[in-house]
Amino acid sequence: TQLLEQSPQFLSIQEGENLTVYCNSSSVFSSLQWYRQEPGEGPVLLVTVVTGGEVKKLKRLTFQFGDARKDSSLHITAAQPGDTGLYLCAGARSGAGSYQLTFGKGTKLSVIP
Amino acid sequence: EAGVAQSPRYKIIEKRQSVAFWCNPISGHATLYWYQQILGQGPKLLIQFQNNGVVDDSQLPKDRFSAERLKGVDSTLKIQPAKLEDSAVYLCASSFDRQGRVGGYTFGSGTRLTVV
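Student: How should I be thinking about the overall build of chain B in this particular structure?
Tutor: Of regular secondary structure, chain B possesses zero helices and eleven strands. For chain B, the succession of helices and strands along the chain, N to C, is β-β-β-β-β-β-β-β-β-β-β. For a compact globule of 116 residues, the expected C-alpha radius of gyration is about 13 Å, and chain B comes in at 13 Å, within 12% of that figure. Structurally, chain B occupies a C-alpha span of about 40 × 25 × 25 Å along its principal axes. Burial analysis of chain B (116 residues in total) assigns 47% to the buried set. Considering only contacts within chain B whose residues lie at least 6 apart along the sequence, 53% involve residues at least 24 apart. Element-wise, carbon and sulfur atoms account for 50% of the exposed surface of chain B, whose accessible area totals about 5600 Å². Taking the average place of the 14 positive charges on the side chains of chain B and the average place of its 10 negative ones, the gap between the two points comes to 3 Å.

Student: Sorry, what's going on with the sheet that holds strand β3 (residues 19-24) of chain B here?
Tutor: Sheet strands pair via backbone hydrogen bonds, and the direction of the pair is either parallel or antiparallel. Residues and elements named next belong to chain B. With antiparallel pairing, the four strands of this open sheet are ordered in space as β1-β3-β8-β7. With one partner strand each, in any of the chains shown, β1 (5-7) and β7 (65-68) form the two edges of the open sheet. The average angle at which neighbouring strand axes cross in this sheet is 15°, direction not considered.

So, how was this worked out
- Residues numbered from 1 in each chain as written.
- Chains lettered and ligands numbered in written order.
- Predicted model: local features only at pLDDT ≥ 70, side-chain atom pairs only at ≥ 80, totals over all residues.
- Heavy atoms only, no water.
- Helix = DSSP H or I, 4+ residues; strand = E, 2+ residues; numbered from the N terminus.
- Rg over C-alpha atoms; globule rule 2.2 N^0.38 Å.
- Buried < 20%, exposed > 50% of the residue type's maximum accessible area, 1.4 Å probe, protein only.
- Contact = heavy atoms within 4.5 Å.
- Areas by Shrake-Rupley, 256 points an atom, 1.4 Å probe, with all protein chains shown as cover.
- Lys, Arg positive; Asp, Glu negative; His and termini not counted.
- Charge placed at Lys NZ, Arg CZ, Asp CG, Glu CD.
- Pairing = 2+ DSSP bridges.
- Axes fitted to C-alpha atoms, helices over the stretch in contact; angles between N-to-C directions.

Just geometry here; none of it tells us what the structure is for.
So, in structure tokens, the structure goes:
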């Protein structure tokens, strides 16, 4: 069972369109991070959300953390080809004396010029 | 600031051979992680170090995988003997704090391992 479910798995849109990707779980997280990964590279952090209900904006990207800290969404306005990549959400939990960051499988976004 | 350095970038080995990967984290980052990313999936944590001590290795297949961070700086991950299902990208990451709240995790570019 995947701890973090991301949807959709694949998304192909035209430049200028808006889109939303989702990250859902039945578990509560102390914080949640979004990363973007390009082919042949490691994931790069976009944002960390900590407080339930928190909304953060990064230029055309809007991130929201659910009130119960179990889910999150990423909304991109007026997508551009440079937004193409694999978007990963990762939830942080504590347990057994350590903090663990668990990743979803990601949403692969293609923005067509 | 320099990023997380990993080598080699690519490695092809036959099954049952051994292989080692190297990682140099960002200076000052006490926490170091090794993740395995199989094609089409998100990264899965293999092992987490805090300085030179192991914090979490619950998902490390210890019969064939080993890792060390002797001086609390760079780290090596070894697989011996390799199996076909070990084909994946092995990502090293580091963070300033254990939960990654300060600056998140910084990942290296990874080592793509192909076992044939």
